[in-house]
Amino acid sequence: MTHGDFLERRKRLSDLANGYRASAVLFTANELGLFKVLSNGAKGLKELAIELDVSEHGLLLLLHALVGLDLLAMDKDTFALYGDAEEFLRSDSPYFFGDMMQHGYRLYQRWESLGEAVKLGATPFSKEVRAGRTKEDWRAFIMAMDNNSRTSAVQTADALDLTGVKRILDLGGGPGTFLYTFLERLPDATGAILDFDHVLEIAQEVVQRFTVGERVSYIPGDMFNADYQGPYDLIFLGNIIHSSGPERCRGLVRRCTDALEEGGRLVIKDFFMDETATRPADGAMFALNMLVGTDNGQSYRWKDAVDWMEEQGLTIVQKIPVAFHSGILVGKKLSL
């Protein structure tokens, strides 16, 4: 190993070890409301410290770090949003990603339990603790899904063959961003979202960004036992399977298949892994995110979802990588 190789490899390891620092800076600034305050324009240290109710000394160090990360611009004694913060964290940006940052902070706190989760093979947090999410926690999570879905919903709609689709179910649809995007491509179609009551309330807010509200219905319930009120031409299972163990996923695919019309399609979108379950690396990291937060969740291989579909007699008609290392698998219910 040359000295140059040694330094490069050691730096890579050091960067991995210290990656939490940049995350902490970003999450702290977002939690304090700094990006929201600066969305109205540049401000000085004293004014910011008063508005955020923090010390000038601590805030100045945080501001300097954000300038170093190219998220803020500094002009003498004033600070302003810059670069990616200006594009994605300004409160009125069409590409706003701040809700995802808020959700990310909550995940960041949960990752402190990774060692215990590895020992247990599941989250150390009880169901009671996980069920104790505040209304603010739920809103941050669902709106984070909306932030994440704005681009990937368009990419997914572009990739899917939506020919002949008249009735869609978005199962566990959260904010409804995927369904609303599909319906804007299908002026003659209707759709339904099945999710919990408090989630559907948020979905009915999000739909106001779209022009499809009159064609959407909302079904309150748990996807594992609710009446899907089918049949449907297309059922969309987007970013859902990673939250459950294999047997629950298998049962979910069975329930979806039963709710499809003949010729209907089941679409599963998720973080699909290769045969080794190690690539893409983001998917392997996400599997650990499920370990610290769920009983049996994980990132699945393409092969796993294919097997579940084929067990129910579905024929695989599309298999497409899409949007940030995730993929789409489409199974069609053929006539007997």
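Residues numbered from 1 in each chain as written. Predicted model: local features only at pLDDT ≥ 70, side-chain atom pairs only at ≥ 80, totals over all residues. Heavy atoms only, no water.

Topic: the overall build of the protein
Right, on to step 1. Counting its regular elements, the protein contains 15 helices and ten strands.
Right, on to step 2. Relative to a compact globule of 336 residues, whose C-alpha radius of gyration would be 20 Å, the protein shows 22 Å and is just as compact.
Right, on to step 3. Within the protein, the fraction of its 336 residues that count as buried is 45%.
Right, on to step 4. Looking at the protein as shown, the accessible area adds up to about 17,500 Å², and 53% of this sits on carbon and sulfur atoms.
Right, on to step 5. If the 36 positive side-chain charges of the protein are averaged to one point and the 48 negative ones to another, these points end up 3 Å apart. (Helix = DSSP H or I, 4+ residues; strand = E, 2+ residues; numbered from the N terminus. Rg over C-alpha atoms; globule rule 2.2 N^0.38 Å. Buried < 20%, exposed > 50% of the residue type's maximum accessible area, 1.4 Å probe, protein only. Areas by Shrake-Rupley, 256 points an atom, 1.4 Å probe, with all protein chains shown as cover. Lys, Arg positive; Asp, Glu negative; His and termini not counted. Charge placed at Lys NZ, Arg CZ, Asp CG, Glu CD.)

With respect to the packing of aromatic side chains
Right, on to step 1. If you walk through the whole model with that rule in mind, you get eleven aromatic pairs.
Right, on to step 2. Seen in terms of ring centroids, Phe-271 and Phe-286 are 4.4 Å apart; in terms of plane orientation they differ by 35 degrees. Their pairing is tilted. Of the two residues, Phe-271 is situated in the loop between strand S8 (260-270) and helix H14 (281-293) and Phe-286 in helix H14; the sequence distance between them amounts to 15 residues.
Right, on to step 3. Residue Phe-271 is classed as partly exposed on the basis of its relative accessible area of 22%. (Phe/Tyr/Trp six-rings, centres within 6.5 Å; stacked < 30°, edge-to-face > 60°.)

Regarding the sheet that holds strand S9 (residues 314-322)
Right, on to step 1. Read from one edge of the open sheet, seven strands run S6-S5-S4-S7-S8-S10-S9, paired in mixed fashion. Lying at the two open borders of the sheet, with one neighbouring strand each, are strand S6 (216-220) and S9. Pairwise comparison of adjacent strand axes, ignoring direction, gives a mean angle of 20 degrees for this sheet.
Right, on to step 2. In this structure, strand S4 (residues 167-171) lies alongside strand S7 (residues 232-238), joined through three bridges in parallel fashion. Each residue of the ladder has a partner; that of Leu-169, found in S7, is Ile-235.
Right, on to step 3. Relative to the sheet, helix H10 (residues 135-159) contacts S7, S8, S9 and strand S10 (326-333), its axis offset from that of S9 by approximately 135 degrees. (Pairing = 2+ DSSP bridges. Axes fitted to C-alpha atoms, helices over the stretch in contact; angles between N-to-C directions. Contact = heavy atoms within 4.5 Å.)

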